[in-house]
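Observations on chain architecture
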Amino acid sequence: MALMSLTGRLADRVGTFKVAAIGLAGYAIVTYPAFLLMDIGNLGLAALGYLAIMVNMPSCRSPRSP
């Protein structure tokens, strides 16, 4: 929730399209390594992979929210 307000402010300054494009590029870059971390079998690494995906989520969601 805290990151949504920050990405909303960034979208107001830079533009919603740029923030959404950065978020989608982040998903493309981060998702595969994060899933590899989740597949190792260690709970701590799985949580780290999940966190890597969740940190990127507000950059895709916040610019489109009213």
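Up top is the structure.
We now turn to the structure provided with this report. Remember, predicted model here, so these are calculated numbers, not experimental data.

Within the protein one finds three helices and zero strands. When the helices and strands of the protein are read in sequence order from the N terminus, they spell out α-α-α. Reported as C-alpha extents along the three principal axes, the dimensions of the protein are approximately 40 × 20 × 15 Å. The 66 residues of the protein split such that 24% are buried. Within the protein, counting contacts between residues at least 6 apart in sequence, those at least 24 apart form 60% of the total. A total of about 4900 Å² of accessible surface is found on the protein, and carbon and sulfur atoms cover 70% of it.

Further remarks concern helix H1 (residues 2–14). Here H1 contains 13 residues, and its C-alpha end-to-end distance of 19 Å stays within 8% of the 18 Å for a straight helix at 1.5 Å per residue. Thr 7, Gly 8 and Ala 11 are the residues of H1 that are buried. Down the axis of H1, the smallest arc covering the buried residues is 110°, so these residues share one side. Among the exposed residues of H1, those oriented more than 90 degrees off its buried face are Ala 2, Arg 9, Asp 12 and Arg 13. Those residues of H1 hidden inside the fold are in contact with helix H2 (16–39) and helix H3 (43–61). One or two residues past the end of H1 sits Gly 15, with phi positive at roughly 125°.

Across the interface, H1 lies against H2 with an axial gap of 7 Å and an inter-helix angle of 130°. In terms of orientation, H1 lies oblique with respect to H2. Between H1, through Thr 7, Leu 10, Ala 11 and Val 14, and H2, the contact on the second element is made entirely by Thr 16, Lys 18 and Val 19. Tallied by class, the residues present in the contact of H1 with H2 amount to four nonpolar, two polar and one charged.

What counts, and at which threshold
- Residues numbered from 1 in each chain as written.
- Predicted model: local features only at pLDDT ≥ 70, side-chain atom pairs only at ≥ 80, totals over all residues.
- Heavy atoms only, no water.
- Helix = DSSP H or I, 4+ residues; strand = E, 2+ residues; numbered from the N terminus.
- Buried < 20%, exposed > 50% of the residue type's maximum accessible area, 1.4 Å probe, protein only.
- Contact = heavy atoms within 4.5 Å.
- Areas by Shrake-Rupley, 256 points an atom, 1.4 Å probe, with all protein chains shown as cover.
- Expected span 1.5 Å × (residues − 1).
- Arc of directions from axis to C-beta.
- Axes fitted to C-alpha atoms, helices over the stretch in contact; angles between N-to-C directions.
- Parallel < 35°, antiparallel > 145°, perpendicular 65-115°, else oblique.
- Nonpolar A, V, L, I, M, F, W, Y, C, P; charged D, E, K, R; others polar.

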